[in-house]
Amino acid sequence: MTWQFTREFIKASFQDPSAGFQLREVTAEVRYDPLTRDSVRLFPFRQLGLPRHDWTPFVEQSRRGFCPFCPAVVEQVTPRFPEDFIPEGRLRRGDALLVPNLHPYEQYTGVIIMSSEHYVPIEDLKHDFMRDSFELAREFIVRARKYDREGSRYASINWNYMPYAGGSLIHPHWQVMAGTRPTNYAARMLERSGQYLNQHGSNYWDDLVAKEREGPRFVGSTGRVVWLATFAPRHLADITAVIPECRTIDDLTGQDVADLLVGLEKVIQYYNRLNIVSFNMAFYLSTDQDRGFTAHLRLVGRFTLFPVAGSDFSHLQVLHDEPWALYLPEDLAAGCRLYWQEGK
Ligand SMILES: [Zn+2]
């Protein structure tokens, strides 16, 4: 394990209009993801406070409109799976319901309607609330594998919470997908993880955890799940949760799910404290054949700096594939760690 975390500082200067046009030097930072070698930029706003966003008008407007996930209509307007795949048509667990995506973008896609409640505020996203949804996602992936092992090799569980994150409906839902090939980013991680194993003779994710444990970006553990502020964040408040020795859905124990969701609740509630009230989540899995990869969850905050619903994606992400973020990962870890220490 010889690698280092690589960061560079970029200095730019301008005559500052807020200080009589005196010459001022400003420092931004570039970090390189140790695995993918992707560069990311950390903007020089260090203590940026996000305004509290009030979702009430969005929620009220959405209640007046049509919601296909609300109990009155969900049975009539959501599709059912083909009988040879899922004979029940839809899968239910507790208050959560899994249905096919009406607009599929992968061979096997399920939408998990997390609750019969139309709106679940961020304060209520607790581990026990998310449990049925996760178990449904797991069951969907397991069934897809039994039904079509080759066609469902690469699976992930995803969440766009609230409109800033790209969620099309207020009603809380997850997206679970499985297909023959991984997404671009997952493919890069899988490829690099395999190369790393060949080159170093060890698992990158194990080495990452060993390197970060007790360091400035270590947040805490829940069971065997290790929570880290991501060194090279892809977006605001980027958190990575690694489940050592877990690659496929079969390696994930019931205890892992429970531990993962307890940690997820802590991070979400820390987001809430930072006024990050919208986020994206992905849980990446690999196949038996992909050596060197470890299943992990990634969570990033989504936001707008302005009262209008402006996007936090700019030319850098969309056309340059160059992520940028605002908070220092080390500051993020220090704040989030309190949720472990205080037992919140
Ligand atoms: Zn609804």
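To start, this report covers the structure provided alongside it. (Residues numbered from 1 in each chain as written. Predicted model: local features only at pLDDT ≥ 70, side-chain atom pairs only at ≥ 80, totals over all residues. Heavy atoms only, no water.)

## Re the side chain of Ser156
What counts, and what does not: Secondary structure follows DSSP: runs of H or I at least 4 residues long count as helices, runs of E at least 2 residues long count as strands, and numbering of each begins at the N terminus. Exposure categories follow from relative accessible area, calculated using a 1.4 Å probe and restricted to protein chains: below 20% of the type maximum is buried, above 50% is exposed, and the middle band is partly exposed. Here a polar contact is recorded for every N or O atom pair within 3.5 Å, except that within protein the pair must consist of a potential hydrogen donor and a potential acceptor, and residues adjacent in sequence are included only if both atoms are side-chain atoms. Residues count as neighbours in contact if any of their non-hydrogen atoms are within 4.5 Å of one another.
Relative to the helices and strands, Ser156 resides in strand S7 (residues 154-161). The buried category is assigned to Ser156, whose relative accessible area is 11%. There is a polar contact of 3.0 Å between the side chain of Ser156 and the side chain of Asn158. Excluding residues within four positions of it along the chain, Ser156 makes contact with Gln175, Val176, Met177 and Phe283.

## Digging into the sheet that holds strand S14 (residues 324-325)
So the rule is basically this: Here a strand pair is declared whenever DSSP counts at least two bridges between the two strands.
Read from one edge of the open sheet, four strands run S1-S2-S3-S14, paired in mixed fashion. Each edge of the open sheet is held by one strand with a lone partner, namely strand S1 (6-16) and S14. Looking at chain direction, strand S3 (residues 39-42) and S14 are connected through two bridges and run parallel. Along S14, the bridge assignment pairs Arg41 with Trp324.

## Things to note about the coordination of the zinc ion
The condition that has to hold: Here a donor is an N, O or S atom found within 2.8 Å of the metal, or within 3.2 Å if the metal is Na, K or Ca; sites may look incomplete because water is not among the atoms. Geometry assignment treats four donors as tetrahedral when all angles are between 85 and 135 degrees, treats four as square planar and six as octahedral when opposite donors are over 155 degrees apart and all others between 65 and 115, and treats everything else as irregular.
Note on the zinc ion: its protein donors are Cys67 (SG), Cys70 (SG), His118 (ND1) and His171 (ND1). The metal-donor distances range over 2.1 to 2.3 Å. Taken together, the four donor atoms coordinating the zinc ion span angles of 102 to 119° at the metal, a pattern that classifies the geometry as tetrahedral. Here the donor residues for the zinc ion map to a single chain with the spacing C-x2-C-x47-H-x52-H. With Cys67 in the loop between helix H1 (56-64) and helix H2 (74-77) and His171 in the loop between S7 and strand S8 (173-179), the pair connects residues that are 104 residues apart, well separated along the chain. Grouping residues by exposure puts Cys67 and His171 together as buried.

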